[in-house]
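What the coordinates show
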Amino acid sequence: MKTVTIKNVTLGSGAPKICVPMVGKTVAELLEEANNLLELDLDIVEWRVDFFEEVEKLAEVKKIGVKIREILKEAPILFTFRTKKEGGEREVPSTYYFQLNEMMMESGLVDLVDIELFMGDAEVKATVAKAQNHQVKVVMCNHDFDKTPPKEEIINRLRKMQELGADICKIAVMPTSTEDVLTLLSATNTMKEKYADRPIVTMSMGGMGVVSRIAGETFGSAMTFGAAKQASAPGQVPVAELRSMLNVLHDSI
């Protein structure tokens, strides 16, 4: 499996890297969050821009993006607009979704962008090409907040992300039983052993799925999401506790 390095962080080797979301709705909240993140032991910062109340104004997004980058300096930043259908805060036209992501790729303010798998193959491929032109990595993703698809379907979606040119392939699913958590972990392991040629990120959400957020090094997931003050998805563990658990597992392998 190839690794992916963003600044001083390498995904795909060693313990899973910790990504912490920023979910501020206002400029003041975002700046406070960014400053607070400086005190945490994290690897990557995810800006969940769908929470930002002025997200539908390109100029305002870029303006606050400049301030966030000034505070976080060298931290890798993942720019994410999560659509409503995949658990996000709002819906925008797909044309705006791509316009927003392309603006941030061109800005030099972010290191990675999150692109949802089911936004249309042609559009996704074109966006991947634009990201490559600007030396920005693509985290391609899919989220199912209702259920856990069958193992074969989880693997198929991750393989499709590879085919579409993702640098990092991510899937998050909701368990309704412990069997569902095992399905996600088994799919992750099979993907790692048979198909993955780049980092993959998988998680089973909610309290039942927390084990998947800490056992990535065992099963093949290269990144995990931890919470600062507010989680962006169910089951996220506070950063300090998450780092401690990841270290225990890493030292045991």
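Residues numbered from 1 in each chain as written. Predicted model: local features only at pLDDT ≥ 70, side-chain atom pairs only at ≥ 80, totals over all residues. Heavy atoms only, no water.

As recorded by an unreviewed UniProt entry, the protein carries the name 3-dehydroquinate dehydratase and is attributed to Carnobacterium divergens DSM 20623. On record in UniProt, under Catalytic activity (unreviewed entry), the comment for the protein is "3-dehydroquinate = 3-dehydroshikimate + H2O". UniProt, in the comment section headed Pathway (unreviewed entry), describes the protein in these words: "Metabolic intermediate biosynthesis; chorismate biosynthesis; chorismate from D-erythrose 4-phosphate and phosphoenolpyruvate: step 3/7." (UniProt positions renumbered as here; feature names shortened; annotations may be inferred.)

**Considerations on the pattern of salt bridges**
Opposite charge on two side chains permits pairing when their charged atoms draw close. Taken as a whole and judged by the stated rule, the model has 15 salt bridges. Notably, a salt bridge pairs R48 with D50, separated by 2.8 Å at the nearest N-O pair. Taken individually, R48 and D50 each receive the classification buried, so the pair is uniform in this respect. If you follow the salt bridges from partner to partner, you end up with R82, K85, D114 and E116 in one network. (Salt bridge = Lys/Arg side-chain N within 4 Å of Asp/Glu carboxyl O. Buried < 20%, exposed > 50% of the residue type's maximum accessible area, 1.4 Å probe, protein only.)

**Considering the packing of aromatic side chains**
For any pair of aromatic rings, geometry is given as the distance between the ring centres together with the angle between the planes. Applying the stated criterion to the full structure yields 4 aromatic pairs. With 6.4 Å between their ring centres and 55° between their planes, W47 and F52 make a pair best called tilted. F52 matches W47 in its accessibility class, with the two residues each being buried. With a centroid separation of 5.5 Å and 80° between ring planes, the pair formed by W47 and F79 is classed as edge-to-face. (Phe/Tyr/Trp six-rings, centres within 6.5 Å; stacked < 30°, edge-to-face > 60°.)

**Examining helix α6 (residues 178-195)**
The end-to-end C-alpha separation of α6 is 25 Å, in line with the 26 Å expected for 18 residues at 1.5 Å each. Residues of α6 that are buried in the fold lie against α5 (151-163), β8 (168-173), β9 (200-204), α7 (210-214) and α8 (216-219). (Helix = DSSP H or I, 4+ residues; strand = E, 2+ residues; numbered from the N terminus. Expected span 1.5 Å × (residues − 1). Contact = heavy atoms within 4.5 Å.)

**Some words on the sheet that holds strand β7 (residues 137-144)**
Strand pairing in a sheet relies on backbone hydrogen bonds. The paired strands run either parallel or antiparallel. With parallel pairing, 9 strands are arranged side by side in an open sheet as β9-β8-β7-β6-β5-β4-β3-β10-β11. Edge positions in the sheet fall to β9 and β11 (237-238), since each has one partner strand and no second. The sheet contacts of helix α1 (residues 27-37) involve β3 (17-22) and β4 (44-48), and relative to β3 the element is tilted by about 155°. (Pairing = 2+ DSSP bridges. Axes fitted to C-alpha atoms, helices over the stretch in contact; angles between N-to-C directions.)

**What about the state of the cysteines?**
Going through the model one piece at a time under the given rule, you end up with 0 disulfides. C19 forms no disulfide, and the closest cysteine sulfur to it belongs to C141, at a distance of 12 Å. Judged by its relative accessible area of 0%, C19 is buried. The thiol of C169 is not disulfide-bonded; the next cysteine sulfur, from C141, is found 10 Å away. Taking relative accessible area as the criterion, C169 reaches 0% and is therefore assigned buried. (Disulfide = S-S within 2.5 Å.)

**A few points about unusual backbone geometry**
A positive phi is found at K7, a non-glycine position, where the angle reads about 55°. Tracing the backbone shows K7 in the loop between β1 (4-6) and β2 (9-11). Taking relative accessible area as the criterion, K7 reaches 36% and is therefore assigned partly exposed. Backbone geometry places Q135, a non-glycine residue, at a positive phi of 55°. Take Q135: it is sitting in the loop between α4 (121-133) and β7.

**Here we look at the UniProt feature "active site" (unreviewed entry) in the protein**
In this numbering, the UniProt entry assigns the feature "active site" (unreviewed entry) to H143 and K170. For the annotated residues, spread through 28 residues, the largest C-alpha to C-alpha distance comes to 8.5 Å, consistent with a single compact locus. Mapping H143 onto the fold places it in strand β7. Judged by its relative accessible area of 10%, H143 is buried. The contact partners of H143, leaving out residues within four places of it in the chain, are R82, E86, K170 and A172. As for its placement among the helices and strands, K170 is situated in strand β8. If sequence neighbours within four positions are ignored, K170 has contacts with R82, D114, V139, M140, C141, N142, H143, L158, M161, V201, M203 and F225.

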